[in-house]
Amino acid sequence: MDVHRLAERLRGEIGHANVLTDRAQLRTYECDGLAVYKVMPAIVALPETAEQVQVVVRACGEARVPFVARGSGTGLSGGALPHADGVLIVTSKLRSILDLDPDNERAVLEPGVVNLDVTRAAAPYGYYYAPDPSSQQICSIGGNVAENSGGAHCLKYGFTTNHVTGVQLVCADGEIVELGGKAPDPPGYDLLGAFVGSEGTLGIATEVTVRLMRAPESVRTLLAAFGSTDDAGAAVSAIIGAGVIPAAIEMMDALAIEAAEAAVQCNYPKGAGAVLIVELDGPASEVEAQFEQVEAHCRTAGAFEIRIAADDAERALFWKGRKSAFAAVGRISPDYIVQDGVIPRTALPTVLRRMGELAAEHGIRVANVFHAGDGNLHPLVLFDDAVEGEAEKAEELSGAILDLCIEHGGSITGEHGVGMDKAKHMPRMYTDDDLDTMQLLRCAFDPDHLSNPGKIFPTPRLCGEVPGRHRGAHPLQVQGLAEVF
Ligand SMILES: Cc1cc2nc3c(=O)[nH]c(=O)nc-3n(C[C@H](O)[C@H](O)[C@H](O)COP(=O)(O)OP(=O)(O)OC[C@H]3O[C@@H](n4cnc5c(N)ncnc54)[C@H](O)[C@@H]3O)c2cc1C
């Protein structure tokens, strides 16, 4: 590729200030939230409109240059890791709320809009945007869509995919396509469903239509301290088994609590082996009745202290410890891996116990902080890169934890995506034929494999990519069920 020529063309089309090639400026974009992987892009483009995104993608297509979308760069799986010979298309200048429509419970957003800004804009009308990743103060809606992001309140309200009703995207050939809109459930194949969670491999979202929800009449939050994660896990099972679906149930173990205390002095009960934060929301009378049930289940499961948030300030303090937990482990360990796996909720005690054994076998500490209600684990694997061999042991343990999740009927990612980091783990969950079938869908959107190549899939086999096991036609082609184009 002639980078210089492509950069000049882009400067002519989207403006000089919106195209970066200076190495010092490019360095800002060399990684996302998973900083162990770093790649300097050849060009960074900062389009200001959907049409400018289209212009950049079209130019990439014509020059056969790969491109990668980037929102706020908080992803934890290396999804926005640039391509060394490619263009990184950053959506941070696309931050307008195009249409706030509380009457239809919808908002139409540019992809760079920050998650929390949607709720801030909707709040005066009594509405909010439900999916709330812990990074919500900074992550973008485009990134949320690409990762199908979750958050503490997704237990009751569902993940991003349940809140997106429409996407406008620029396909790899530069065509602008609309999937869905303000109305729910259009006929035909659920291509919108396929796009949500596609991690930038099916094109770039340039507009996103989301559902707005009525703010609940009442919100009540408690913090319960237990002697062990087993006891806290038993409380979670009892609460949900009783038919109560809290807005959120989050668990932190002793090591995660220690880190949070060191970082933000959240003042959780002393001596806890685990804490649960349980939040209920809805009509006041329902919340009142269910809150008593939750308290009773926590006590029966062995909670030795229960604190009930008296006001918004105290609720915020409960959440402060939880929401700062990832960064907080930096206080107790020089290096760490944020792992993300999911298991059926009932497997929690077994998996946590086995994880403890694996950690001991590897001589590595693991702090646990997770969305306990939906079994989404975030083990934080602590190590010191300065100690020879520790990084390798931590990496091995991290992989063993994913195997454990799969063994218990779970998955290699609950919400952070596959990206670059977990592509190698995909064959542990899927057969070659499964992966090839996914590639067929990808090729329908991006036959030349230019949109975020090298992510999700371990070894691309179709679209004229590196040949692998299926050197001839794909089995689905042979059966006349699919074609490669
Ligand atoms: C402290 C911390 C806490 C976190 N907590 C959570 C959590 O609770 N739940 C959760 O799910 N995640 C969490 N995350 C992970 C991360 O914030 C989410 O994955 C988020 O959705 C990423 O958004 P972003 O704008 O930063 O995307 P980026 O990191 O910029 O990109 C992520 C992926 O989206 C693609 N992409 C970005 N924009 C577009 C677009 N317009 N069109 C197509 N593809 C696009 C990129 O190519 C990449 O593959 C956390 C991260 C941090 C650092």
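The structure this text deals with has already been given above.
Quick look at the structure, then.

1. Description of the side chain of Thr-221
Locating Thr-221 in the fold gives a position in strand E12 (residues 218-226). There is a polar contact of 2.7 Å between the side chain of Thr-221 and the side chain of Glu-279. At 3.1 Å, the side chain of Thr-221 forms a polar contact with the side chain of Arg-315. Aside from chain neighbours lying at most four places away, what touches Thr-221 is Ile-277, Val-278, Glu-279, Phe-291, Arg-307, Ile-308, Ala-309, Arg-315, Phe-318 and Trp-319.

2. Notes on the environment of Val-210
Relative to the helices and strands, Val-210 resides in strand E10 (residues 204-211). Not counting the four nearest positions on each side in its chain, Val-210 is found in contact with Glu-105, Arg-106, Ala-107, Leu-109, Val-118, Tyr-129, His-163 and Val-164.

3. Section: a nonpolar patch on the surface
Nonpolar side chains collect at one region of the surface, where Tyr-189, Leu-191 and Leu-441 lie side by side and expose about 350 Å² of accessible area between them. For Leu-191, the position within the fold is in helix H7 (residues 191-195).

4. Focus on the sheet that holds strand E4 (residues 87-90)
The strand order across the open sheet built from four strands is E1-E2-E4-E3, with neighbouring strands paired in mixed fashion. Of all strands in the sheet, those with a lone pairing partner are strand E1 (19-20) and strand E3 (67-70), marking the two edges. Both strand E2 (residues 43-45) and E4 contribute to a ladder of three bridges, which runs parallel. Within the sheet, the bridge partner assigned to Ile-43 lies in E4 and is Val-87.

5. So, the pattern of salt bridges
Side chains carrying opposite charge are able to pair once their charged atoms draw close together. Counted according to the given criterion, the structure contains 23 salt bridges. Across the pair Glu-30 and Arg-27 runs a salt bridge, and its minimum N-O distance is 3.2 Å. What makes Arg-27 partly exposed here is its relative accessible area of 46%. When the shortest N-O distance is used, the salt bridge between Asp-446 and Arg-442 registers 3.9 Å. Put simply, Arg-9, Glu-13 and Glu-62 are held in one network by salt bridges that share partners.

6. Here's the deal with the site of the ligand
As a structural note, the neighbourhood of the ligand is formed by 33 residues, with Ala-69, Thr-74, Ser-135, Ser-140 and Ser-149 the closest of them. Gly-143 has a polar backbone atom sitting 3.4 Å from an oxygen atom of the ligand. Within the complex, the protein chains bury 94% of what would otherwise be the 970 Å² of accessible surface of the ligand. Counting residues per element, the ones that place at least two in the shell around the ligand are E3, helix H5 (141-147) and E10. Among the residues forming the shell around the ligand, the class breakdown is 10 nonpolar, 19 polar and four charged.

7. Focus: the sheet that holds strand E5 (residues 97-101)
Reading across the sheet, the five strands line up as E5-E6-E10-E8-E9 and stay open at both edges, with antiparallel pairing between neighbours. The sheet terminates laterally at E5 and strand E9 (176-180), the two strands that pair on one side only. The average angle at which neighbouring strand axes cross in this sheet is 10°, direction not considered. Pairing of strand E6 (residues 106-109) with E10, which is carried by four bridges, proceeds in the antiparallel orientation. Within the sheet, the bridge partner assigned to Leu-109 lies in E10 and is Val-208. Across the sheet, helix H3 (residues 50-63) lies against strand E8 (164-170), E9 and E10, angled at about 50° from E8, the strand it touches most.

8. Thoughts on the pairing of strand E18 (residues 365-371)
Burial runs high along E18: six of the seven residues are buried. Here strand E13 (residues 248-253) pairs with E18 via three bridges, running antiparallel. In the sheet register, Met-252 faces E18, and the bridge partner there is Val-369. With four bridges connecting them, E18 and strand E20 (residues 379-383) associate as antiparallel partners.

9. Some words on the nonpolar core
Counting 44 residues, the largest nonpolar core has Phe-226, Ile-249, Leu-276, Cys-298 and Leu-377 as the members making the most contacts within it. For this core, the leading source of residues is helix H13 (residues 348-362), giving six residues.

10. Re unusual backbone geometry
You will see that Asn-148, though not glycine, has its phi angle at about 45°, which is positive. Looking at the element boundaries, Asn-148 is found in the loop between H5 and helix H6 (154-157). A positive phi angle, close to 45°, is found at Gln-265, a residue other than glycine. Among the structural elements, Gln-265 can be located in the loop between helix H9 (254-264) and strand E14 (274-282). Owing to a relative accessible area of 53%, Gln-265 belongs among the exposed residues under this scheme.

About the cut-offs
- Residues numbered from 1 in each chain as written.
- Predicted model: local features only at pLDDT ≥ 70, side-chain atom pairs only at ≥ 80, totals over all residues.
- Heavy atoms only, no water.
- Helix = DSSP H or I, 4+ residues; strand = E, 2+ residues; numbered from the N terminus.
- Polar contact = N/O pair within 3.5 Å; in protein donor to acceptor, adjacent residues only side chain to side chain.
- Contact = heavy atoms within 4.5 Å.
- Patch = residues over 30% accessible without salt bridge, like charges linked within 9 Å, V, L, I, M, F, W, Y side chains within 5 Å.
- Areas by Shrake-Rupley, 256 points an atom, 1.4 Å probe, with all protein chains shown as cover.
- Salt bridge = Lys/Arg side-chain N within 4 Å of Asp/Glu carboxyl O.
- Pairing = 2+ DSSP bridges.
- Buried < 20%, exposed > 50% of the residue type's maximum accessible area, 1.4 Å probe, protein only.
- Near = heavy atom within 4 Å.
- Nonpolar A, V, L, I, M, F, W, Y, C, P; charged D, E, K, R; others polar.
- Axes fitted to C-alpha atoms, helices over the stretch in contact; angles between N-to-C directions.
- Core = buried A, V, L, I, M, F, W, Y, C linked by side-chain atoms within 4.5 Å.

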